[in-house]
Amino acid sequence: MIKAGIIGSTGYAGAELVRLICQHPEAEVRWFGSKSYVGEQYADVFHNLFEIVDEKCLEDNMDELAKAVDVIFTATPQGLCSSLVNEKILNKVKIIDLSADFRMKDVAVYEKWYGIRHQSPQFLPEAVYGLCEINREQIKKARLIANPGCYTTCSILSVYPLAKEGLIAPKSIIVDAKSGTSGAGRSAKVPNLFCEVNENIKAYGVTTHRHTPEIEEQLGYAAKEEVLINFTPHLVPMQRGILVTAYADLTKEVSYGEVKAVYDKYYKKEQFIRVLDKDVCPETRWVEGSNYVDVNFKIDERTNRIIMMGALDNLVKGAAGQAVQNMNLVFGMPENLGLTQIPMFP
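To start, this report covers the structure provided alongside it. (Residues numbered from 1 in each chain as written. Predicted model: local features only at pLDDT ≥ 70, side-chain atom pairs only at ≥ 80, totals over all residues. Heavy atoms only, no water.)

**Digging into the overall build of the protein chain**
Stage number 1. Scanning the protein chain from N- to C-terminus turns up 12 helices and 13 strands.
Stage number 2. Its C-alpha radius of gyration of 20 Å places the protein chain within 12% of the 20 Å reference for a compact globule of 346 residues.
Stage number 3. Its C-alpha atoms put the protein chain at 60 × 45 × 40 Å along the principal axes.
Stage number 4. The buried share of the protein chain, reckoned over its 346 residues, is 55%.
Stage number 5. For the protein chain, restricting intrachain contacts to residue pairs at least 6 apart in sequence, the fraction spanning at least 24 positions comes to 71%.
Stage number 6. Accessible surface, the protein chain as shown: approximately 15,400 Å² in total, 51% of it carbon and sulfur.
Stage number 7. For the protein chain, the distance from the average position of its 38 positive side-chain charges to the average position of its 44 negative side-chain charges is 3 Å. (Helix = DSSP H or I, 4+ residues; strand = E, 2+ residues; numbered from the N terminus. Rg over C-alpha atoms; globule rule 2.2 N^0.38 Å. Buried < 20%, exposed > 50% of the residue type's maximum accessible area, 1.4 Å probe, protein only. Contact = heavy atoms within 4.5 Å. Areas by Shrake-Rupley, 256 points an atom, 1.4 Å probe, with all protein chains shown as cover. Lys, Arg positive; Asp, Glu negative; His and termini not counted. Charge placed at Lys NZ, Arg CZ, Asp CG, Glu CD.)

Structure (structure tokens):
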């Protein structure tokens, strides 16, 4: 039985980790870390776990935690994991970080976009970007995994096959993305109050969103050249879900069958990526509560552009589900273990 500890277990992503690991046949949560609820029963914070979890919230003490568990999940704001991790801890446990602290290799890029000093840049070279379908073999050998964000997972997986095969111009990519409000976290913020969000949709972080360099870096590895994108996120009045619609110039004339073959080349054997039938657009409702990503595309012959689409649940494949998928790979378990939940509807 894999013993897991969660720092930040009372945020949305942390709570989703608890929910998923409670259903995992080979793992259990041994440490429910929470800065805000120390000493309180976890099930008093999340009543959906009444009579399922009978543990109290503990302090976010990584040194003590490293002695008690096999893997530590850090579902925390940027800057915390990099301030806590050290060689002694990494020699004891695996760390799967759900923040952005180890996602980008260039510390200067991280510090520019996040506006904080990185406190352990010496671990950036060895950190593995935890997008399982792309970096599976590296993840299996990793001590430190940088779990991707929700926008980035959906954006990268929607575009990756065509970038990899050179079918799109790497500096022509535009990513338009929509997110449910849980993507903003659980802390109280006026812009996320019901009356502010309900019956409204808005763009935010236009030209400045922190996921931009992460998407560019990963697609750059695929294209083997610099990628520059326009990334515009939008907040929509729903709890869960990411929908990405990406646009790019085609580098040559292609047919539907040729592009479909490219997506199938990379994703046909991937359980959690579903390439939809022709003319079926991804929808957030068909992936809710699951670890699935639905992707598809449409060729616009008139403009010689292609539209790439993707949908996922931001708290599952966009955060906690992907983290569990990474855990499974690291400990040599079947990759889908504990993650076969069918999407919920309605």
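**Considering the sheet that holds strand β9 (residues 229–235)**
Stage number 1. In spatial order, the strands read β8-β9-β7-β10-β13-β12-β11; together these 7 strands make up an open sheet with mixed pairing. Strands with a single pairing partner mark the edges of an open sheet, and in this sheet they are β8 (202–203) and β11 (273–275).
Stage number 2. Of the strand pairs in this sheet, strand β12 (residues 293–300) and strand β13 (residues 305–312) are connected by 8 bridges, and their pairing is antiparallel. Note on β13: the bridge partner recorded for V293 is L312.
Stage number 3. On the sheet, helix α8 (residues 150–164) packs against β7 (173–179), β9, β10 (242–249), β11, β12 and β13 and is oriented at approximately 140° with respect to β13. (Pairing = 2+ DSSP bridges. Axes fitted to C-alpha atoms, helices over the stretch in contact; angles between N-to-C directions.)

**Observations regarding the sheet that holds strand β1 (residues 2–7)**
Stage number 1. One open sheet accounts for 6 strands, arranged β2-β1-β3-β4-β6-β5; its pairing is parallel. Edge positions in the sheet fall to β2 (27–33) and β5 (128–129), since each of these pairs with one other strand and no more.
Stage number 2. As paired strands, strand β3 (residues 71–74) and strand β4 (residues 94–97) are joined by 4 bridges and run parallel to one another. Directly across from F73, in β4, lies its bridge partner I96.

**What about the side chain of E133?**
Stage number 1. Along the chain, the position of E133 falls in helix α7 (residues 132–140).
Stage number 2. Judged by relative accessible area, which is 10%, E133 ranks as buried.
Stage number 3. Of note is the side chain of E133, whose polar atom sits 3.1 Å from the side chain of Q325. (Polar contact = N/O pair within 3.5 Å; in protein donor to acceptor, adjacent residues only side chain to side chain.)

**What about the pairing of β4?**
Stage number 1. Bridge count between β4 and strand β6 (residues 144–146): 3 bridges; the pairing is parallel. Its bridge partner lying in β6, I95 is registered against L144.

**Concerning the environment of K105**
Stage number 1. Locating K105 in the fold gives a position in the loop between β4 and α6 (107–114).
Stage number 2. Separated by 95 residues in the primary sequence, K105 and N200 place their C-alpha atoms 37 Å from one another.
Stage number 3. Once residues lying within four places of it in the same chain are set aside, the contact partners of K105 are L124, P125, E126, A127, E217 and Y221.
Stage number 4. Among the polar contacts listed, one links the side chain of K105 to the backbone oxygen of L124, at a separation of 2.6 Å.

**Digging into the packing of aromatic side chains**
Stage number 1. Under the criterion given, the structure shown has 10 aromatic pairs.
Stage number 2. On the numbers, 5.1 Å between centres and 25° between planes, the contact of Y110 with Y114 is stacked. One end of the pair is Y110 and the other is Y114, both in helix α6 and 4 residues apart, which spans about a single turn. You'll find Y110 and Y114 in the same group, each marked buried.
Stage number 3. A centroid spacing of 5.4 Å and a plane angle of 5° characterise the contact between Y263 and F297, whose relative ring orientation is stacked. Of this pair, Y263 sits in helix α11 (residues 256–267) while F297 sits in strand β12; the two residues are 34 residues apart in sequence, bridging distant segments of the chain. Grouping residues by exposure puts Y263 and F297 together as buried.
Stage number 4. Among the aromatic residues, those joined into a cluster by ring pairs are Y256, Y263, Y267 and F297.
Stage number 5. A cation sits over an aromatic face here: R274 above Y292, 4.6 Å from the ring centre.
Stage number 6. In this arrangement the basic side chain of K278 is found over the ring face of Y256, its NZ or CZ atom lying 4.8 Å from the centre. (Phe/Tyr/Trp six-rings, centres within 6.5 Å; stacked < 30°, edge-to-face > 60°. Lys NZ or Arg CZ within 6 Å of the ring centre and 35° of its normal.)

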